[in-house]
Structures are given as C-alpha cells and as structure tokens.
Amino acid sequence: MTLDEILKEIKKAETIVILTHESPDGDAIGSSLAVKLMLNKIGKNADVIIPEYSRLFNFLPETNQIKDSSNVQNYDLAISVDCATLKRLAKSEYFENAKKTIVIDHHSSNEMYGDLNFVNPVSPACCEILAGMFSYYEFDITKEIGNCIMTGIITDTGGFQYRGINPETFEFTAELIRKGVDTCDIYKRTLRTKTKGNFELTRRVLDRMELLENGKVTFTYINSEDEKEVGAEPGDHEGLVEMGRDIEGVEVSIFVRQKEEQDAYKISLRSGKYVNVSDICLLFGGGGHPRAAGALIQGNLEQVKEKILKEVVKVLK
C-alpha cells in the first residue's frame, strides 16, 4: 500500500525536504509544518522551504524554521504537499534533485509527478489527508500539529462553507478540538484578519470590478504598480477573488494579478453552483478544484481578459 511505502521511505531517509506551491495559502503552509512536526516526533529532521508566505501565518509553530533556500543540493527525500504540478512547486529544483520523491495532495488535476503519490481529490484540504495518514500510522496528533492541520482545513473550506466538506472533516475537527485546538482563534487569524496592504488592494479591486454576461460574471484586477503603491507583502492578494462570487447572481468570479514579468498575469477563478473552473484553467496550463482554480496567462491585461472571458462564456452558454 502506498501509505506503507511512504512511511518506509521516510524512515530510510537521512535528509528530507518539504516543499509546497508558489503563493502558499493556509493549507500549503499548514500541511508543510504539520509534516515537519510529525517527522520531528519520530526522530527525523526536515527542512521546510517556502520562499514567500503571508506573515498572518506566523502564529503557527515552527514558522521560524521555514527556509527560503538550502545548502543541501541533493536530499534523500523530497515531500511535496498541496501542489498539483511540478510546474507550480516552489523551489522545484530540490524536488527534481532528490533521490526519492513523494507527493501528497488533494487536487483532482494532480499530475502524479512523484515516485510515490498519495492523492485524494475528495478531500477538501491536504491537511485533512494528513490527519488521516497520521491516524493510519497511529501517530499522536499533538495540539501543535493540530493547529497546523486545522489551519489548512479552515482556510481551504472557507470556514466550512464549501461543498467539498464531508463527515470526516467534522470528525477530524472534533478530535482536534478535544486536543485543545482553538478553531475560533484560527478562523479569526486566517479568514477575518486583514493586513493594511490587503485592505488597500481590496478597495482597488472593488472599484475596478465589472459585472458581465448579465451579471453572471465579475472581472477585476491588480497590477504590479498597485502592489508597490500600497506596500503589499506576500499573501496580501489572498481572498480578493472571493468578493466577486459573493455578489447575488454571479456564477464565475475572475481576478487577475500581474506577475513580476510584465507580460504575464496570474488568473484566479471561483464559481458558484455549476461551472467547473478547474477545467477552464487546465486549458491554460493551470488547474485546481471545480469551484476554485488558477493559471498563468501570457499577454497584457486586455489580452488576458479576452482569453479567459472567451472560455468562461463558452461554459456559461
């Protein structure tokens, strides 16, 4: 069984690195730290390499141990969490150079790019998969590990509001609460607290938001100048795409963010009841979940807007 093989490789490895996707969210950071903490408990030391992440997650244990790079060139084992493709994996060179690789994920678009792949697209969060894995291994989930897992579950389910949740989600949550995990505090820190940079970007996003296709689609954007002017930090753009979907009658929310290279935009899509935005993003080399997905599109703002709207309208019709 894959889970048994994964544990075997972990026990065998002397040097281990944990990686996740670019622009990491709560599930990515929570998963990375949960794996590190659990490895520590079984006597294994692992490096977590995340180049940039929001300081809102600094309340989690071991964030002071996160590295932006490493002196180790060839790890015995590289573990990727919450990342569907090698293309999206931050610092992917450590994964590619490792002697053995493991992928743990919950995206249906996962490309199974590891030597060992444990992917459950039914799970609403990678952290929920980890909770199940730790239970299978009969590892004790401490309060610290529970805080990391709960952060991933809360952020990737939007505070238990998305359709991906299942009975196991609440069973794991109940068990974590028994361990002393404060779900209310995590919810407030991760979903209700805004940095000043995020607040300023929110104002610009709302000012620019367009209602299209008889109110079924919203489109808005930020560019690199916006981020410089408001002094945006890593992660300050998180959650901006959700505002469009919250408008009555909207089925697809489109948010685009200019990348550092001037001729490329990161697109984020959210949908309501029936549009599979992952399928749309796959057309542009991206992916994600049926109701939340993203991709990178080359071109200027108008070109990117035209390309993505064309595909969204096809699905709406």
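Residues numbered from 1 in each chain as written. Predicted model: local features only at pLDDT ≥ 70, side-chain atom pairs only at ≥ 80, totals over all residues. Heavy atoms only, no water.

K.L.:
Give me the lowdown on the nonpolar core, citing residues and values where you can.
P.N.:
Core analysis: the biggest nonpolar cluster contains 46 residues, and Ile79, Ile104 and Ile149 have the highest contact counts within it. Of all the elements in the fold, those that place two or more residues in this core are helix H1 (2–12), strand S1 (16–19), helix H2 (26–41), strand S2 (46–48), strand S3 (77–81), strand S4 (100–105), helix H4 (126–136) and helix H5 (143–156). Setting aside residues up to four positions removed in sequence, Ile79 forms contacts with Ile10, Ile16, Val17, Ile18, Leu19, Val35, Leu39, Ile102 and Ile104. Val217, Ile267, Val277 and Ile280 belong to the second largest nonpolar core, which has 23 residues in total. (Core = buried A, V, L, I, M, F, W, Y, C linked by side-chain atoms within 4.5 Å. Buried < 20%, exposed > 50% of the residue type's maximum accessible area, 1.4 Å probe, protein only. Helix = DSSP H or I, 4+ residues; strand = E, 2+ residues; numbered from the N terminus. Contact = heavy atoms within 4.5 Å.)

K.L.:
Before we move on, can you summarise helix H12 (residues 301–316) with the specific residues and values?
P.N.:
Relative to the 22 Å expected for 16 residues at 1.5 Å per residue, H12 spans 22 Å between its end C-alpha atoms, a close match to the ideal helical length. If you check which residues of H12 are buried, you get Leu301, Val304, Lys305, Ile308, Leu309, Glu311, Val312, Val313 and Leu316. Those residues of H12 hidden inside the fold are in contact with strand S6 (210–212), strand S7 (217–222), strand S8 (252–258), strand S9 (264–271), helix H11 (277–282) and strand S11 (292–298). Sitting at the amino-terminal end of H12 is Asn300, which places a side-chain oxygen 3.2 Å from the backbone nitrogen of Glu302. (Expected span 1.5 Å × (residues − 1). Polar contact = N/O pair within 3.5 Å; in protein donor to acceptor, adjacent residues only side chain to side chain.)

K.L.:
Give a detailed account of the pattern of salt bridges, specifying residues and quantitative values.
P.N.:
The full count for this structure, using the stated rule, is 17 salt bridges. With a shortest N-O distance of 3.2 Å, Arg257 and Glu227 are connected by a salt bridge. Here the residue Arg257 occupies a position in strand S8, and Glu227 occupies one in helix H9 (residues 224–230), the gap between them amounting to 30 residues. Of the two residues, Arg257 and Glu227, neither departs from the other in class, the shared state being buried. Overlapping salt bridges, with partners in common, bring together Arg204, Arg208, Asp226 and Glu229 in one network. (Salt bridge = Lys/Arg side-chain N within 4 Å of Asp/Glu carboxyl O.)

K.L.:
Go over the packing of H5 against helix H7 (residues 183–192), please, and point to the residues and values.
P.N.:
Taken N-terminus to C-terminus, the directions of H5 and H7 make an angle of 55°; their axes are 10 Å apart at the nearest point. Taken together, the axis directions place H5 and H7 in an arrangement best described as oblique. Here H5 and H7 pass one another in a crossing that is right-handed. For the pair H5 and H7, contact is made by Asn147, Met150, Thr151, Ile154 and Thr155 and by Thr183, Ile186, Tyr187, Thr190 and Leu191, respectively. Residues that form the contact of H5 with H7 fall into these classes: five nonpolar, five polar and no charged. (Axes fitted to C-alpha atoms, helices over the stretch in contact; angles between N-to-C directions. Parallel < 35°, antiparallel > 145°, perpendicular 65-115°, else oblique. Left-handed = near helix turned anticlockwise from the far one by under 90°. Nonpolar A, V, L, I, M, F, W, Y, C, P; charged D, E, K, R; others polar.)

K.L.:
Explain the sheet that holds S9 to me, and be specific about the residues and the numbers.
P.N.:
With mixed pairing, the six strands of this open sheet are ordered in space as S6-S7-S8-S9-S11-S10. Unpaired on one side and paired on the other, S6 and strand S10 (287–289) mark the two borders of the sheet. Averaged over neighbouring strand pairs, the angle between their axes works out to 20° when direction is ignored. In terms of strand pairing, S9 meets S11 through seven bridges, oriented antiparallel. In the strand pairing of S11, Lys266 is matched with Leu296. (Pairing = 2+ DSSP bridges.)

K.L.:
Account for the sheet that holds S4, with residues named and values stated.
P.N.:
Strand order in the open sheet made by the five strands is S2-S1-S3-S4-S5, with parallel pairing throughout. One side of each edge strand has no neighbouring strand; the edge strands of this open sheet are S2 and strand S5 (116–119). For this sheet the average axis-to-axis angle between neighbouring strands, irrespective of direction, equals 15°. Pairing of S4 with S5, which is carried by four bridges, proceeds in the parallel orientation. Across the sheet, Asp105 pairs through a bridge with Val119, a residue of S5. Set on the sheet, H2 makes contact with S1, S2 and S3; between it and S3 the angle comes to about 140°. Running at roughly 110° to S4, H4 makes contact with S3, S4 and S5 of the sheet.

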